Amino acid sequence: TLNDVGVGPVVVDGFYGRQTKAAVKRIVDGFEGLPDHPYRINNGFWVLLFARQLPDADLAIGAHGRAVRVLQRALRAAGADLVVDGDFGEQTKAAVRAYQRAVGVRTSGVVNERTRFFLTQGAVIGQLD
């Protein structure tokens, strides 16, 4: 995923080495208020990493494909309980609404600019792991 969002190259070898740390650093640089361990990969990091791959278009009931799979992965990382199937149905709408409630935006069930903003900031439902 680090390579997919353009912060690599990172060799996919299962180790958190220098390449991985450098790629993570490119993402977290510029974020204010980072914890004592800014290069730790937690659920919030996964949310913002997946969210960076979302299109600048609204996603709602009826959408399908890669963008919805990425959204569903971001929502799962944020704490939602849903299946990643690439179809924006009632299950995904309910997860989006739960996320919107958690971050304090209007619960429309539509992933709009405001919801994407919180996703790209790594906001989660509940606590960071």
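Relevant structure appears above.
Presented here is an overview of the structure given in this document. For every chain, the first residue of the written sequence is number 1, and numbering continues from 1 onward in sequence order. Residues qualify for local features only when their pLDDT is at least 70, as the model is predicted, and side-chain atom pairs are given and counted only at 80 or more; totals for whole chains, interfaces and linings, by contrast, use all residues. To obtain the side-chain values, all non-hydrogen atoms of the structure were used and water was disregarded.

Looking at the side chain of N43
Keep this limit in mind: In DSSP terms, a helix is any run of H or I states spanning at least four residues, a strand is any run of E spanning at least two, and both are numbered starting from the N terminus. Contacts described as polar in this section are N or O atom pairs within 3.5 Å, which, within protein, must combine one atom able to donate a hydrogen with one able to accept it, while residues neighboring in sequence count only if both atoms come from side chains.
Residue position: N43 is located in helix 2 (residues 43-51). Looking at N43, its side chain comes within polar contact range of the main-chain oxygen of Q127, at 3.4 Å.

A look at the packing of helix 2 against helix 3 (residues 66-78)
Worth spelling out the cut-off: For helices, the axis comes from a line fit to the C-alpha atoms of the stretch in contact; other axes are also lines fit to C-alpha atoms, and the angle between any two N-to-C directions lies between 0 and 180 degrees. Each angle gets one of four labels, with under 35 degrees taken as roughly parallel, over 145 as roughly antiparallel, 65 to 115 as roughly perpendicular, and the rest as oblique. Each crossing gets its handedness from the near helix: less than a right angle anticlockwise from the far helix is left-handed, clockwise is right-handed. Throughout, a contact is declared for two residues whenever any of their heavy atoms are within 4.5 Å.
Following both chains from N to C, one finds helix 2 and helix 3 inclined at 165°, their axes separated by 8 Å at the closest point. Between helix 2 and helix 3, the interaxial angle falls into the category roughly antiparallel. In this structure, helix 2 crosses over helix 3, and the sense of that crossing is left-handed. Of helix 3, the residues touching helix 2 (which contributes N43, W46, V47, F50 and A51) are V70, R73, A74, A77 and A78.

Things to note about the nonpolar core
Formally: We call a set of buried Ala, Val, Leu, Ile, Met, Phe, Trp, Tyr and Cys residues a nonpolar core when their side-chain atoms join them within 4.5 Å. Burial classes follow relative accessibility: with a 1.4 Å probe on protein chains only, a residue under 20% of its type's maximum area counts as buried, one over 50% as exposed, and anything between as partly exposed.
Residues L71, L75, Y99 and L119 are the most contacted members of the largest nonpolar core, which totals 25 residues. Within the residue set of this core, elements represented by two or more residues are helix 2, helix 3, helix 4 (90-103) and helix 5 (113-120). Element by element, the count of residues in this core is highest for helix 3, at seven residues. Counting residues in each nonpolar core, the second largest holds eleven residues, with V7, V10, F45 and L49 among its members.

Considering the packing of aromatic side chains
For clarity, the cut-off: Two aromatic rings, drawn from Phe, Tyr or Trp (for Trp, its six-membered ring), form a pair once their centres lie within 6.5 Å of each other, and the interplanar angle then sorts them: stacked below 30 degrees, edge-to-face above 60, tilted otherwise.
By the definition in use, this model includes two aromatic pairs. Between the aromatic rings of F117 and F118, the centroid separation amounts to 5.3 Å while the plane-to-plane angle is 80°, which identifies the pairing as edge-to-face. What makes F117 partly exposed here is its relative accessible area of 43%. We classify F118 as buried; its relative accessible area is 18%.

Overview of helix 2
Most of helix 2 sits out of view: eight of its nine residues are buried. For helix 2, the complete set of buried residues consists of N43, G44, F45, V47, L48, L49, F50 and A51. Summarising the contacts, the buried residues of helix 2 are in contact with helix 1 (18-28), helix 3, helix 4 and helix 5. With a side-chain oxygen lying 3.1 Å from the backbone nitrogen of G44, the N-terminal cap of helix 2 falls on N42.

Notes on the packing of helix 3 against helix 4
Let me state the cut-off plainly: Only Asp, Glu, Lys and Arg are considered charged, only Ala, Val, Leu, Ile, Met, Phe, Trp, Tyr, Cys and Pro nonpolar, and every remaining residue, Gly among them, polar.
Running from N to C, helix 3 and helix 4 cross one another at 50°; their axes reach a closest spacing of 10 Å. Classed by the angle they form, the pair helix 3 and helix 4 counts as oblique. In the crossing of helix 3 with helix 4, the sense of the turn from one axis to the other is left-handed. Facing helix 3, whose interface residues are L71, Q72, L75 and A78, helix 4 presents T92, A95, V96 and Y99. Here the residues of the contact of helix 3 with helix 4 sort into six nonpolar, two polar and no charged.

Some details on unusual backbone geometry
Cis geometry marks the peptide bond from G8 to P9, where omega comes out at 15°. Within the secondary structure layout, P9 lies in the segment before helix 1.

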